[in-house]
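# Structural features, examined
Residues per chain are reported as follows:
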Amino acid sequence: MKVNLEQVNKTFPKGKNDSLHVLQDIDLKIEAGEFVSLLGPSGCGKSTILNLIAGLDHPTSGDVYVNGQKVKGPGTDRVVVFQQGGLFPWMNVLDNVTYGLLLKNMSKKEAQEKAMEGLRMVHLGNFTKSFPHELSGGMKQRVAIARSLVMDPDVLLMDEPFAALDEQTRIILHQELQEIWEKTGKTILFITHNIREALTLSERVLLMSTRPGAIKNSFTVQASRPRDPSDSVLVQLEKRVMSELEEEMEKVLKEEFGDGYRLKTSAVRDRNREHMGDHI
Amino acid sequence: MIVIVSTWEIISKSNLFPTFMFPPLLIPNDPGGVTVLSTFVNGLISGQILEATGVTLSRLLVGFAIAVVLGLTFGFLISRYKWVDDTLGFFVTALQSIPSIVWFPLAIVWFGLGNISILFIVAIGATWTMTVNSSTGFKNVPSLYLNAARTLGSSGFHLARTVILPASVPHLISGLRVAWAFAWRAIMAGELLGGSGGLGYLLDMGRSLQSMDLVLSIMIVIGIIGTIMDNQVFRRMERSVARKWGMGA
Ligand SMILES: Nc1ncnc2c1ncn2[C@@H]1O[C@H](COP(=O)(O)OP(=O)(O)O)[C@@H](O)[C@H]1O
Ligand SMILES: [Mg+2]
């Protein structure tokens, strides 16, 4: 087992004496080489889970294990691709990608060769001297993926990496990410609030409930790759996931707009059909 | 510019004031008489002004360098440790509001009248602004960069050098610019009051010799150096950072 969360709770302080219970009794297991998506509405605690695994934050109670080792802090065995990429604007593409490699005491030459390999994998071999601001959103995310992959992490953590991209770019990157996963066999935890994205990419989709965040259900996606959104397996599964997600949405809206609020379920479902499950 | 120069020239020649108070800029009032231009050129040729400029600039650079190092260090400590922020950070705001020349009497008692006292007030004049700006810069480094670096294996001094410092460069440059302006004011005040050598001292000499042509020449030098530093050094730094990183210019 690569990643294992046992009875993890996370509470953030809120105001002076209050606190916000974000994660409740999270049990989560990811096997080596698995591609797992964590799906849930915004604010349900997805990033918090990812940060706990990355070691950027600590659970209030419970334990996080990666490779059987308790997570105590950040480590290069777990690299993150953030939604905004997190490339350093003061470094060019090559320096961004070699950043972590040089920290591993690799020689400059070796690091650059490895970085080039990674950049070619994401089709950016010709952009080594460019600065991040000269790249499009999709190219930036490719560099961020290359920067993570060259570290050869045990687990690749991706926090809504394609959420800010346009639909066309996203579809291309979905394909590329599937190819990369098949080629490298990396264990990937992919966070998204987009059903279609979760179903297209992963082997298993973990659906989160919200306030407090908990793992509500787990769906295994048994569809052939490369995935085709019109595949009947995916269409059926999407309906099931959607109906469960709607319950969560309703809970959120009720809290935000008061108890009198009723979600017009059918309207949301129709709208989501048209927009391919985007931005639920 | 032309209007100012000709107005000055007319006032100078109108005999409203004695020539030593209002010396002509370009055209001598009586044959062979002094002009600011001639004093300026002569001062440059004889090396008097150049030498004084050299003395002032070297003091300024040393004092400024000390201030930058101290400011960066204090700024880093303030951003890093809450208790330093609560103590030093609080004082710095108060210290920043004290004009540095106010320290001069104290400096003379501590270090005697001379180089060290001047360096002291230059450094102290620039340190606090540098501290405030760098701590603001360090505190506002986006956590996205810090988290990205930490998951890639960076920490401690490496993190400070490769992420915290470059990410705060825009703040640091504006800090340098303001700190330089404070240092520049401080050194003039210091040299006027108690300098041996330097442009401020020459100004004071011009005053006691009642030669306003010398005073004005020095003012021109001061203006030129100030403009060059601001336009050529600091603004250029700002622009090149903005261009290279694609940050808002
Ligand atoms: N550092 C923090 N301090 C306080 N509250 C936080 C912090 N980080 C996240 N939260 C809160 O925890 C909840 C879950 O956040 P997050 O994990 O980012 O959600 P998601 O990634 O699913 O959109 C949100 O309500 C958010 O406001
Ligand atoms: Mg998030």
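A brief structural summary. (Residues numbered from 1 in each chain as written. Chains lettered and ligands numbered in written order. Predicted model: local features only at pLDDT ≥ 70, side-chain atom pairs only at ≥ 80, totals over all residues. Heavy atoms only, no water.)

### Section: the overall build of chain B
To keep it simple, the criterion reads: Segments assigned H or I by DSSP are reported as helices when at least four residues long, segments assigned E as strands when at least two residues long, and all are numbered from the N terminus. Between the two quantities, the radius of gyration covers C-alpha atoms and the globule rule is 2.2 Å times the number of residues to the power 0.38. The buried label applies to any residue whose accessible area, calculated with a 1.4 Å probe on protein chains only, is under 20% of its type's maximum; exposed applies above 50%, and partly exposed to all values in between. Contact between two residues is taken to exist if any of their heavy atoms lie within 4.5 Å; hydrogens are not considered. Each accessible area is a Shrake-Rupley result for a 1.4 Å probe, and residues are judged covered by the shown protein chains and nothing else. For the charge count, each Lys or Arg is scored as positive and each Asp or Glu as negative, with His and the chain ends excluded. Where a charge lies is defined by one atom per residue type, namely NZ (Lys), CZ (Arg), CG (Asp) and CD (Glu).
The helix and strand inventory of chain B stands at eleven helices and zero strands. For chain B, the N- to C-terminal ordering of α and β elements is α-α-α-α-α-α-α-α-α-α-α. Its C-alpha atoms give chain B a radius of gyration of 23 Å, clearly above 18 Å, the size a compact globule of 249 residues would have. Seen through its C-alpha atoms, chain B measures out along the principal axes to roughly 80 × 45 × 30 Å. Evaluated residue by residue, chain B yields a buried proportion of 43% over its 249 residues. Of the contacts formed within chain B by residues at least 6 apart in sequence, a portion of 63% connects residues at least 24 apart. For chain B, the computed accessible surface area is about 12900 Å², with 70% contributed by carbon and sulfur atoms. Across chain B, the 15 positively charged side chains and the 10 negatively charged ones have centroids separated by 16 Å.

### What about the packing of helix H7 (residues 143–151) of chain B against helix H8 (residues 156–167) of chain B?
Residue and element names in this part refer to chain B. The cut-off we apply is this: Structural elements are reduced to axes, namely lines fitted to C-alpha atoms, with helices fitted over the stretch in contact, and the angle between N-to-C directions of any two is expressed from 0 to 180 degrees. These descriptions rest on fixed angle ranges, namely under 35 degrees for roughly parallel, over 145 for roughly antiparallel, 65 to 115 for roughly perpendicular, and the rest for oblique. The handedness criterion is simple: a crossing whose near helix is rotated anticlockwise from the far helix by less than a right angle is left-handed, and one whose near helix is rotated clockwise is right-handed. Note on residue categories: nonpolar means Ala, Val, Leu, Ile, Met, Phe, Trp, Tyr, Cys or Pro, charged means Asp, Glu, Lys or Arg, and polar means any other residue, Gly included.
Across the interface, H7 lies against H8 with an axial gap of 10 Å and an inter-helix angle of 160°. If you check the angle between H7 and H8, you find them roughly antiparallel. Once H7 is placed against H8, the crossing between them reads as right-handed. Every residue of H8 that contacts H7 at Tyr145, Leu146, Ala149 and Arg150 is listed here: Leu159, Val163, Ile164 and Ala167. Residue composition of the contact of H7 with H8, by class: seven nonpolar, no polar and one charged.

### Examining the environment of Ile98 of chain B
Mapped onto the elements of the fold, Ile98 of chain B is located in the loop between helix H4 (82–96) and helix H5 (104–111). With 27 residues separating them along the chain, Ile98 of chain B and Gly125 of chain B place their C-alpha atoms 8.5 Å apart.

### Quick word on the site of ligand 1
Residues and elements named next belong to chain A. To be explicit about the condition: The nearness test applies per residue and asks whether one of its heavy atoms lies within 4 Å of the molecule or strand. Any N or O atom pair separated by 3.5 Å or less is treated as a polar contact, with the protein-specific requirement of one donor-capable and one acceptor-capable atom, and with residues adjacent in sequence counted only for side-chain atom pairs.
The immediate surroundings of ligand 1 are formed by Phe12, Leu20, Val22, Ser42, Gly43, Cys44, Gly45, Lys46, Ser47 and Thr48. Within the backbone of Gly45, one N or O atom sits 3.0 Å away from an oxygen atom of ligand 1. Within the side chain of Thr48, an N or O atom sits 2.5 Å from an oxygen atom of ligand 1. Protein coverage of the free-state accessible area of ligand 1, which is 560 Å², stands at 58%. Taken together, the elements giving at least two residues each to the shell around ligand 1 come down to strand E2 (18–30) and helix H1 (46–54). At three residues, H1 tops the list of elements feeding residues into the shell around ligand 1.

### Quick notes on the interface of chain B and chain A
Test applied: Put simply, buried area is the surface a 1.4 Å probe can reach on two separate parts but cannot reach once they are joined, added for both. When a carboxyl oxygen of Asp or Glu lies within 4 Å of a side-chain nitrogen of Lys or Arg, that pair is called a salt bridge.
If you look at the interface, chain B gives 20 residues, while chain A gives 24 residues. Among the residues of chain B in contact with chain A, Leu144, Thr151 and Leu152 of chain B are the three that bury the most area, contributing 37% of the side total. Summed over the shared surface of chain B and chain A, the number is zero salt bridges. Between the two partners, chain B and chain A, sit four residue pairs in polar contact (both at pLDDT 80 or more). A total of seven residues in the side of chain B that touches chain A trace back to one element, the largest contributor, which is H7 of chain B.

### Structural notes on H8 of chain B
Spelled out, the test is: Each helix should span, by expectation, one fewer than its residue count multiplied by 1.5 Å.
Compared with an ideal rise of 1.5 Å per residue, which puts twelve residues at 16 Å, H8 of chain B spans 15 Å between its outermost C-alpha atoms and is within 8% of the ideal. Within H8 of chain B, the full set of buried residues consists of Leu159, Ala160, Thr162, Val163, Ile164, Pro166 and Ala167 of chain B. Where H8 of chain B is buried, its residues touch helix H2 (93–103) of chain A together with helix H3 (48–80), helix H6 (115–139), H7, helix H9 (169–194) and helix H11 (212–245) of chain B.

### Observations regarding the side chain of Ser134 of chain B
Residue and element names in this part refer to chain B. Along the chain, the position of Ser134 falls in helix H6. A polar contact of 2.8 Å, which involves the side chain of Ser134, links it to the backbone oxygen of Met130. Setting aside residues no more than four positions away along its own chain, Ser134 makes contact with Gly71, Leu72, Gly75 and Leu172.

### Quick word on a nonpolar patch on the surface
Stated precisely, the cut-off is as follows: The patches described consist of residues with a relative accessible area above 30% and no salt bridge, like charges being joined within 9 Å and nonpolar side chains (Val, Leu, Ile, Met, Phe, Trp, Tyr) within 5 Å.
Taken together, the side chains of Leu106, Val109, Trp110, Phe111 and Ile116 of chain B present a nonpolar region at the surface, about 530 Å² in accessible area. Per element, the largest residue contribution to the nonpolar patch is four residues, and it comes from H5 of chain B.

### So, the sheet that holds strand E9 (residues 204–209) of chain A
Residue and element names in this part refer to chain A. Counted only if it meets this: Any two strands with at least two DSSP bridges between them are considered paired.
The mixed open sheet is built from six strands, whose spatial order is E6-E7-E8-E3-E9-E10. At either end of the open sheet lies a strand with only one pairing partner, and these are strand E6 (78–81) and strand E10 (214–220). Strand-to-strand twist across the sheet, computed as the mean angle between neighbouring axes with direction ignored, equals 20°. Note: strand E7 (residues 155–159) against strand E8 (residues 187–192), five bridges, orientation parallel. Across the sheet, the residue bridging to Val155 is Thr187, located in E8.

Any link to function would need more than the numbers given here.
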